[in-house]
Amino acid sequence: MHFNISKVLDHRKDISNFVDHRKEISAEKKALADLLASSGDHFPGSDFHPTDRKMWMLELGPERLRINQIVWPGTHDSATNDIGVPLVTRPFAECQTRSIYDQLVLGTRVLDVRVEKGRRICHGILQSYSVDVVLNGVKRFSEAESEIVILEIRTEYGHEDPPEFDKYLVEQLGDLLIHHDDAVFSKTVAEVLPKRIICVWKPRNSPAPAAGSPLWSAGYLRDNWIDTDLPMTKFDSNMKHLGEQPPSAGRKYFYRVEHTVTPKPENPVVKMVDNEIRPFARLFIAQTFAHGFADRLQVFSTDFIDEDFVDACAGMTHARVEGKP
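What you see is a predicted model, and the numbers here were worked out from it, not measured in a lab.

We now examine the overall build of the protein chain. Within the protein chain, the regular secondary structure consists of 11 helices and nine strands. Relative to its 325 residues, the protein chain shows a buried fraction of 52%. Excluding contacts between residues fewer than 6 apart, the proportion of contacts in the protein chain whose partners are at least 24 apart in sequence is 76%. Of the accessible surface of the protein chain, which amounts to about 14300 Å², a share of 54% is contributed by carbon and sulfur atoms.

The following block contains the structure:
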C-alpha cells in the first residue's frame, strides 16, 4: 500500500492549526468571562424590562423619545431563517431562526436584508425566499402603530442589483416610508409617526438614493465590520471604533455595532455550536459606560436575537429618556 506522505503531513498540520485556533477562541472567550466577573454588566437602565416588547417604544413614550436617543436592537443577516439545506449548508449560513415578523414582535427594530438580481434573499452564494416575504412581514408589523423600524436592504457581495429595485421598494412600502431628512434624527417618535419605516437601500452599482427621496442612502447606516471569529478581538474592535464616533445626539447618521463573530470554513463550529460573543452583550453596553462613551451607542445588532438582548437595548434607551447618566 502506498502512502502520500505530504498529504498525511498536510492533514496533520490542518488538525493542529484547528486545535490551536480553538484554543485561541477559548482563551478569548475566557478573557471576556473574566472581564464580566471583575466589572459586571450593570448599567443605567439594565434592570428595565418592557411589559410588551412588541410595543416597547410606546411604553417609553413616543412624545418624549427622540430618534437619536434610541438604542436600536438589530439582527445580523435578518432574513436567513430557513436558508440552505438542513444539516448541510444551513448551520453555516443561518444567522436567525425567527421570521422577520416574529423578530419585530420580539422587539427587533433594525433589519439587515441581503438580496440578489432576482429579488431573492441570499447569504453569500446561498439563496432563499423572495424579498416579498420580508416586505410583507414589515408591512404586517405596521399594526404596531407606535414603532419605528430601520430596514436596511443591500445587494449581497458578488451579486448584481435587482433591476429598478428602488422603485419597487417605494411602491411596496409607500406611505409607511419616512423620507430622507437630516432633521429626523432630532425629532421625537410622535413627530415622525404615522410614517414608521426608515428604509436604507444599498445597491452595488445602481444609483444611490438621492437626498430627500423616500429611501436613505448607504452613508446613513454605517459600521466598522471586521471579519473574525475571535470574540475578544471583535469586542475590542467594536469598542475602539465606537469610541471614534461622535455622540449619537449630534450625528446625522446611524452607527451600528455588530455584536457577532464570523465562522470560518476551517472553523465552522463557531456558528454551529455557539456564538462565542453573544453572551456578552450586556457586558459590552456596561463597558461603553466604563470607557466614557455610552452616548455613542446607537444600533446594536446580533445573531439569533433573544428577549434579553432586546431588553438591554430598551433599558438603555429608557435610561436616556429619563435623563439618567
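If you trace the backbone, Arg 66 turns up in the loop between helix H2 (56–60) and strand E1 (72–75). The sequence separation of Arg 66 and Ala 249 amounts to 183 residues, and the corresponding C-alpha distance is 9.2 Å. Discounting residues that sit within four places of it in the chain, Arg 66 has contacts with Ser 186, Lys 187, Thr 188 and Glu 191.

Of the two faces of strand E9 (residues 299–302), the one lined by Val 299 and Ser 301 and the one lined by Phe 300 and Thr 302 are each fully buried. Where E1 and E9 come together, four bridges link them in parallel fashion. Residue pairing for E9: Pro 73 is matched across the bridge by Phe 300. Where strand E8 (residues 254–259) lies against E9, four bridges are found, and the strand directions are parallel. Among the inter-strand pairings, Arg 256 is bridged to a residue of E9, identified as Val 299.

Moving on, we get to the confidence of the model for the protein chain. Model confidence for the protein chain is summarised by a mean pLDDT of 90, while 88% of its residues fall at 70 or above. Scored below 50 in pLDDT, residues 84–90 makes eight contacts in the model with residues more than four places away or belonging to other chains.

Analysis parameters
- Residues numbered from 1 in each chain as written.
- Predicted model: local features only at pLDDT ≥ 70, side-chain atom pairs only at ≥ 80, totals over all residues.
- Heavy atoms only, no water.
- Helix = DSSP H or I, 4+ residues; strand = E, 2+ residues; numbered from the N terminus.
- Buried < 20%, exposed > 50% of the residue type's maximum accessible area, 1.4 Å probe, protein only.
- Contact = heavy atoms within 4.5 Å.
- Areas by Shrake-Rupley, 256 points an atom, 1.4 Å probe, with all protein chains shown as cover.
- Pairing = 2+ DSSP bridges.
- pLDDT = per-residue confidence, 0-100.

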